[in-house]
Amino acid sequence: METTAEHILDAVERLVCIEGTRKLTIDAVAAEAGMSKGGVLYNFRSKHELLLGVIRRVVSEVRERTYTLSDKLTEQGVACPILRASFQIYKEYREKTAPKALFALAAQEPELVAEFQDMSTEFGRAISGEVSDPVMGHMCLLIIDGLYYRQALGIEHCSTGEIDGLIDRVLEITSQNYRYAELNAEAGN
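The structure contained in this document is the topic of the report that follows. Given the structure is predicted, the values throughout are model-derived calculations rather than measurements.

The rules behind the values
- Residues numbered from 1 in each chain as written.
- Predicted model: local features only at pLDDT ≥ 70, side-chain atom pairs only at ≥ 80, totals over all residues.
- Heavy atoms only, no water.
- Helix = DSSP H or I, 4+ residues; strand = E, 2+ residues; numbered from the N terminus.
- Expected span 1.5 Å × (residues − 1).
- Buried < 20%, exposed > 50% of the residue type's maximum accessible area, 1.4 Å probe, protein only.
- Axes fitted to C-alpha atoms, helices over the stretch in contact; angles between N-to-C directions.
- Parallel < 35°, antiparallel > 145°, perpendicular 65-115°, else oblique.
- Contact = heavy atoms within 4.5 Å.
- Nonpolar A, V, L, I, M, F, W, Y, C, P; charged D, E, K, R; others polar.
- Phe/Tyr/Trp six-rings, centres within 6.5 Å; stacked < 30°, edge-to-face > 60°.
- Lys, Arg positive; Asp, Glu negative; His and termini not counted.
- Salt bridge = Lys/Arg side-chain N within 4 Å of Asp/Glu carboxyl O.
- Polar contact = N/O pair within 3.5 Å; in protein donor to acceptor, adjacent residues only side chain to side chain.
- Disulfide = S-S within 2.5 Å.
- Patch = residues over 30% accessible without salt bridge, like charges linked within 9 Å, V, L, I, M, F, W, Y side chains within 5 Å.
- Areas by Shrake-Rupley, 256 points an atom, 1.4 Å probe, with all protein chains shown as cover.
- Charge placed at Lys NZ, Arg CZ, Asp CG, Glu CD.
- Core = buried A, V, L, I, M, F, W, Y, C linked by side-chain atoms within 4.5 Å.

To continue, consider helix α1 (residues 4-19). The end-to-end C-alpha separation of α1 is 22 Å, in line with the 22 Å expected for 16 residues at 1.5 Å each. Every buried residue belonging to α1 is among I8, L9, A11, V12, E13, L15 and V16, and all of these are buried. Positive backbone phi, approximately 80°, marks G20, located one or two places after α1.

Structure follows, in structure tokens:
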């Protein structure tokens, strides 16, 4: 069951996607959430707290979901589990408003996105560590970032099926690269 705070943050996400952060007000959030201004202020004391709440919720959800999925993939012996989990999370989030809200926040309130930047850096290091070729690892990070940014900006020239095909191909290449590196390590090369 959704809490009042989550309901309010859902309203903030919707408004940020439509209006950006500059026109976001407590009154607008209250109207979007279908509650009183006092009800919003009871949960969040300022616009800044509302925006920070959105970011913290998204970061927490993405981090938790990515590591849970990565742990399952690791147990299955799958190559590059963080990379695979990152692509899966993209697929789950591409229809949600969260990436658009984060992009709007980054553009208008850059100091608020430090937690998201930290999480992205953390995942980037993990992906770079599991992809044996540093150039391939960097390419994977750019592909993931590009998919999120294009979705957030509404720049979709490819169908969902084409994007899924791209993701499958990248995972195929990185898996082959991973297996090749394992074989070389076993051979002592």
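Next comes the rest of the write-up.
Turning our attention to the packing of helix α5 (residues 81-93) against helix α7 (residues 114-130). One can describe the packing of α5 onto α7 by two numbers: an axis separation of 8 Å at closest approach and a directional angle of 130°. Taken together, the axes of α5 and α7 are oblique relative to one another. Residue-level inspection shows P81, I82, L83 and S86 of α5 in contact with α7, the latter providing F123, A126, I127 and E130. Within the contact of α5 with α7, the residues separate by chemical class into six nonpolar, one polar and one charged.

According to the stated counting rule, one finds two aromatic pairs in the structure shown. Between Y67 and F123 the ring centres are 5.4 Å apart and the planes differ by 75°, which places this aromatic pair in the edge-to-face class. Remark: F123 occurs in helix α7 and Y67 occurs in helix α4 (residues 47-75); sequence separation between them is 56 residues. Relative accessible area serves as the criterion here: at 28%, Y67 is assigned to the partly exposed category. F123 sits in the buried class, given a relative accessible area of 8%. When the centroid spacing of 5.3 Å and the interplanar angle of 85° are considered together, the rings of Y90 and Y148 count as edge-to-face. One end of the pair, Y90, is in helix α5; the other, Y148, is in helix α8 (residues 134-153), with 58 residues separating them in the sequence. Grouping residues by exposure puts Y90 and Y148 together as buried.

This part is about the side chain of E130. Mapped onto the elements of the fold, E130 is located in helix α7. Buried within the structure, E130 lacks any salt-bridge partner; R84 is the closest side chain of opposite charge, at an N-O distance of 7.6 Å. Of note is the side chain of E130, whose polar atom sits 2.9 Å from the backbone nitrogen of I82.

With that out of the way, let us pick up the state of the cysteines. Taken as a whole and assessed by the stated rule, the structure comprises zero disulfides. Looking at C80, it has no disulfide partner, and the nearest cysteine sulfur is the one in C140, 7.3 Å off. For C80, a relative accessible area of 2% gives the class buried.

Taken together, E2, E6, E61 and E64 make up a surface patch of like negative charges. The topology assignment puts E6 in helix α1.

It is worth spelling out the nonpolar core at this point. Grouped burial of nonpolar side chains is what soluble globular proteins tend to show. V12, V29, L50, L83, F87, L105 and I127 are the most contacted members of the largest nonpolar core, which totals 47 residues. For this core, the secondary structure elements donating two or more residues are α1, α2 (26-33), α4, α5, α6 (98-108), α7, α8 and α9 (160-187). The element best represented in this core is α4, accounting for eight residues.

Scope: geometric values only; no functional claims are made or implied.
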